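Analysis of the macromolecular model
Chain by chain, the residues run as shown.
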Amino acid sequence: MKEVIIATKNPGKAKEFEAIFAERGIQVLTLLDFPDAPDVEETGTTFAENAILKAETISQKLKKAVIGDDSGLIIDALDGRPGIFSARYAGEQKNDDANIDKVLSELKGVPEDKRTARFFCALAMAVPGKETITVEGTCEGRILEERRGTNGFGYDPVFYVQGLGCSMAELSKDEKNAISHRANALKALERVLNSAEAAER
Ligand SMILES: O=c1[nH]c(=O)c2ncn([C@@H]3O[C@H](COP(=O)(O)OP(=O)(O)OP(=O)(O)O)[C@@H](O)[C@H]3O)c2[nH]1
Ligand SMILES: [Mg+2]
């Protein structure tokens, strides 16, 4: 069976990648499978820079092709926050529940039409001896006033998906994987890889 390595320690991301790649008969390994992999410091100033740091650091260490995912939530009324700090918005301990509470309290009193937001995902694919590829995907919505649903991870319970009439956490894994920022970024990566392959023929 073919396999792909994703440079993430986030179990929520790992599950989504597993489901998406399983449809293609590809097995996913993450840093949860490589306990000795180094911690990657997210020192970039953009999602893409951080995705490249994750992919290239782990690819150099394992000498294999590796995909890095840096993602987060961009809220217009908060000038784009939490952005690249989404995982650690309420502190370095990375607590999803505390992160949601912080966002809800910062948005207190902000009317529905001003609560627009989007999820953003940058993926970088590093292959030894080749130039790193980066792609992006987004998913539009707005921030609810309270949690709805229990699926997914992160801010999913308070992210109302534009056009779907429910929160991201009310979608099944397959439904989320059909429309998410991560799925959209992976589709973009697939397009780039297919056209690179076609050019080599
Ligand atoms: O509700 C959500 N649904 C999503 O689909 C989603 N994707 C990203 N996020 C948020 O953004 C952080 C990523 O930060 P991040 O890219 O640095 O990842 P991380 O630190 O969790 O793991 P790693 O991949 O770096 O090991 C996450 O923790 C979440 O708070 C999401 N929230
Ligand atoms: Mg991180």
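Cut-offs applied
Residues numbered from 1 in each chain as written. Chains lettered and ligands numbered in written order. Predicted model: local features only at pLDDT ≥ 70, side-chain atom pairs only at ≥ 80, totals over all residues. Heavy atoms only, no water. Near = heavy atom within 4 Å. Polar contact = N/O pair within 3.5 Å; in protein donor to acceptor, adjacent residues only side chain to side chain. Areas by Shrake-Rupley, 256 points an atom, 1.4 Å probe, with all protein chains shown as cover. 1 Å grid on protein atoms, 1.4 Å probe; cavity = no way out; pocket = protein on both sides within 12 Å on 5 of 7 lines; lining within 4 Å. Sits in = over half its atoms within 2 Å of the grid points. Helix = DSSP H or I, 4+ residues; strand = E, 2+ residues; numbered from the N terminus. Buried < 20%, exposed > 50% of the residue type's maximum accessible area, 1.4 Å probe, protein only. Contact = heavy atoms within 4.5 Å. Pairing = 2+ DSSP bridges. Axes fitted to C-alpha atoms, helices over the stretch in contact; angles between N-to-C directions. UniProt positions renumbered as here; feature names shortened; annotations may be inferred.

1. A few points about the site of ligand 1
In the vicinity of ligand 1 there are 21 residues, among which Thr8, Lys54, Phe153, Tyr155 and Asp156 approach most closely. Lys13 places a side-chain nitrogen or oxygen 2.8 Å from an oxygen atom of ligand 1. Notes on ligand 1: free accessible area 620 Å², of which the protein chains cover 95%. Because more than half of its atoms lie within 2 Å of the grid, ligand 1 is assigned to the largest pocket.

2. Topic: the environment of Leu62
By the secondary structure assignment, Leu62 is in helix H2 (residues 47–62). We classify Leu62 as partly exposed; its relative accessible area is 24%. Along the chain, Leu62 and Ala37 lie 25 residues apart, while their C-alpha atoms are 8.3 Å from each other. Those residues in contact with Leu62 that lie beyond four places of it in its chain are Ile5 and Phe34.

3. Looking at the sheet that holds strand S6 (residues 159–161)
Pairing is mixed in the open sheet, where six strands are placed in the order S2-S1-S3-S4-S5-S6. Two strands bound the open sheet, and with one partner strand each, they are strand S2 (26–30) and S6. Neighbour to neighbour, the strand axes of the sheet diverge by 40° on average, direction disregarded. Here five bridges tie strand S1 (residues 2–6) to S2, and the two strands are oriented parallel to one another. Each bridged residue has a counterpart across the sheet, and for Ile6 the counterpart in S2 is Thr30. In the packing of helix H5 (residues 181–200) onto the sheet, the strands contacted are strand S3 (66–75), strand S4 (116–126) and strand S5 (133–143), and the crossing angle to S5 comes to about 155°.

4. Quick look at the UniProt feature "active site" (unreviewed entry) in the protein chain
In the UniProt entry, the feature "active site" (unreviewed entry) is given for Asp70. Along the chain, Asp70 turns up in strand S3. Note on Asp70: relative accessible area 3%, which makes it buried. Residues within four places of Asp70 in sequence aside, it is in contact with Lys13, Glu42, Phe47, Asn50, Ala51, Lys54, Ile84, Phe120, Cys121 and Ala122. A polar atom in the side chain of Asp70 sits 2.8 Å from the side chain of Lys54.

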